[in-house]
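# Structural characterization, general
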Amino acid sequence: MRVSVFGLGYVGCVSAACLAGMGHEVIGVDVNQVKVDLVNDGKAPVVEERIGELIAEVVGTGALRATGDVREAIMESDISLICVGTPSEPNGSLCTTYLERVTEEIGAALADRGGHGGSAGRHTVVFRSTMLPGTCTNLLVPILEKYVGGTAGVDFGVAVNPEFLREGTSVRDFFDPPKTVIGELDPASGDAVLGLYDSLPGEVFRVPVATAEAIKYADNAFHGLKIGFANELGAVCQALGVDSHQVMDVFLADRKLNISPAYLRPGFAFGGSCLPKDLRSLVHAAQRADVSVPILAHVLPSNSAHLERAVELVERTGKRRVGLFGLSFKPGTDDLRESPLVELAERLFGKGYDLRIHDANVSLSRLLGANREYVETRLPHLAQLLADSVDEVLEHAEVCLVGTRDPAVLAALPRGGGPLLIDLIHLPDADARRTEPGYMGLAW
């Protein structure tokens, strides 16, 4: 394919060289003439493992060259990768100045190319720069359409293709990616991007544009969280005289719960007899040892804020008669200790909502010991709130919160009518329901 790559920093330089190494005909574009000259001399404008040798090779074969002329690059390519920087503004917001500028220049060049592609065929503009969800469709696509005088996804292609390259190993990561993500405005745009990476290994995900934009942030936020978590835990272990690397070796060996998809799906708040108390104990131990653990210290407040989102959804409905399906902290048990659903019920009851609750596993007469004591302390009016059947709750409620996957509950939930549904757990048919009136997902 004939490819133009805009921005010859780490991402653009590596992308251009690697694509040329795969057999594509690549033109690198940069406003910095020094970078352009370096590439044309077969030298890398960045310091990176293997990049120097690769650029020398592909420039030598004629597969890669560089220019400062946007129009020239657009005229001689069929697909453009935008790899310009998106730094932070002083207030932390995303700076899109460079993205907007290069998009305007590309749009003007596309208009000169022959209207909507002309005899050269349809051109596809692919944004590889990291940008917040909505940036492409709400900011950049209108710029392109204005300058080109056509419609994105019809007259020219648009896609988002985030990179997952680590500085220091980026060439290796390019040829052996953890995944390839293509946010496509239309299938033809996605096909064009896919053609760039045909020979690469790894799973390919073709998703909506905004999803592709968000995936990059999910990855980077989690990487930062992992590093911060490991460092905080290491500091606590050191203060307590424990070998932190030995702890993490065992932690990382668990591929069932720790390094796995477990607990990484948006749902309701956590609770139960272990996680809250153990987090409190660990944070308290850190404080006693004068170890600052801001990540660990804010896990429980974050959990509480997520629970409050459910309360706010109920408040927004303006309804007063509320049903709640589920009460125990985990399906299939009657354990109510620090159940987030008990906390939710308590908050709604305290705000004066007319509440009915059904949980097939919870019967006040069967609750014993610490379990009964906990309920009597946190929700002493439970007896008058419990309903014997699913239908009793549905008949009472103007709005229902679903916090269980009990088959009897799922089978009875109305479709397209009845009480409003607030989904706390991502129901099995959530994707179908979200297009229906009266359905609200807690975080989806």
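Analysis parameters
Within any chain, residue numbers begin from 1 and follow the written order of that chain's sequence. Where local features are concerned, this predicted model is filtered to residues with pLDDT of at least 70; where side-chain atom pairs are given and counted, the filter is 80 or more; whole-chain, interface and lining totals use all residues. Calculated side-chain values reflect all of the structure's heavy atoms, with hydrogen atoms and water omitted. To qualify as a helix, a DSSP run of H or I must reach at least 4 residues; to qualify as a strand, a run of E must reach at least 2; elements of each kind are numbered from the N terminus. The buried label goes to any residue with under 20% of its type's maximum accessible area, the exposed label to any with over 50%, and the partly exposed label to all in between, with areas taken from a 1.4 Å probe on protein chains only. Pairs of residues are marked as contacts when any of their non-hydrogen atoms sit within 4.5 Å. Two residue types count as positive, namely Lys and Arg, and two as negative, namely Asp and Glu; His and chain ends fall outside the count. Note on charges: their place is set at NZ of Lys, CZ of Arg, CG of Asp or CD of Glu. Any two strands are treated as partners once DSSP identifies two or more bridges connecting them. Orient the strands so they point away from the viewer; a crossover is then right-handed if the path from the first strand over the helix to the second runs clockwise. A pair of Phe, Tyr and Trp rings is counted when the ring centres sit within 6.5 Å of each other, with Trp represented by its six-membered ring. The angle between the planes then sorts it: under 30 degrees is stacked, over 60 is edge-to-face, the rest tilted. A ring is scored as having a charge over it whenever the NZ atom of a lysine or the CZ atom of an arginine sits within 6 Å of its centre and within 35 degrees of its normal.

### Details of the overall build of the chain
Secondary structure summary: the chain contains 19 helices and 13 strands in total. Principal-axis analysis of the C-alpha atoms places the extent of the chain at approximately 80 × 60 × 40 Å. Looking at the chain as a whole, 45% of its 444 residues qualify as buried. Excluding contacts between residues fewer than 6 apart, the proportion of contacts in the chain whose partners are at least 24 apart in sequence is 68%. Treating the 40 positive side-chain charges of the chain as one cloud and the 58 negative ones as another, the clouds have centres 4 Å apart.

### Things to note about the pairing of strand β10 (residues 354–358)
When strand β9 (residues 321–325) meets β10, the two strands line up parallel, connected through five bridges. Note that in β10 the partner of Val 322 across the bridge is Leu 355. Crossover handedness for the path β9 to helix α14 (residues 340–350) to β10: right-handed.

### Structural notes on the packing of aromatic side chains
Taken as a whole and assessed by the stated rule, the structure comprises three aromatic pairs. Members of the aromatic cluster, each reached through a chain of ring pairs, are Phe 174, Phe 175 and Tyr 197. Between the NZ or CZ atom of Lys 179 and the centre of the ring of Phe 164, over which it lies, the distance is 4.2 Å. The side chain of Arg 320 reaches across the aromatic face of Tyr 353, ending 4.0 Å from its centre.

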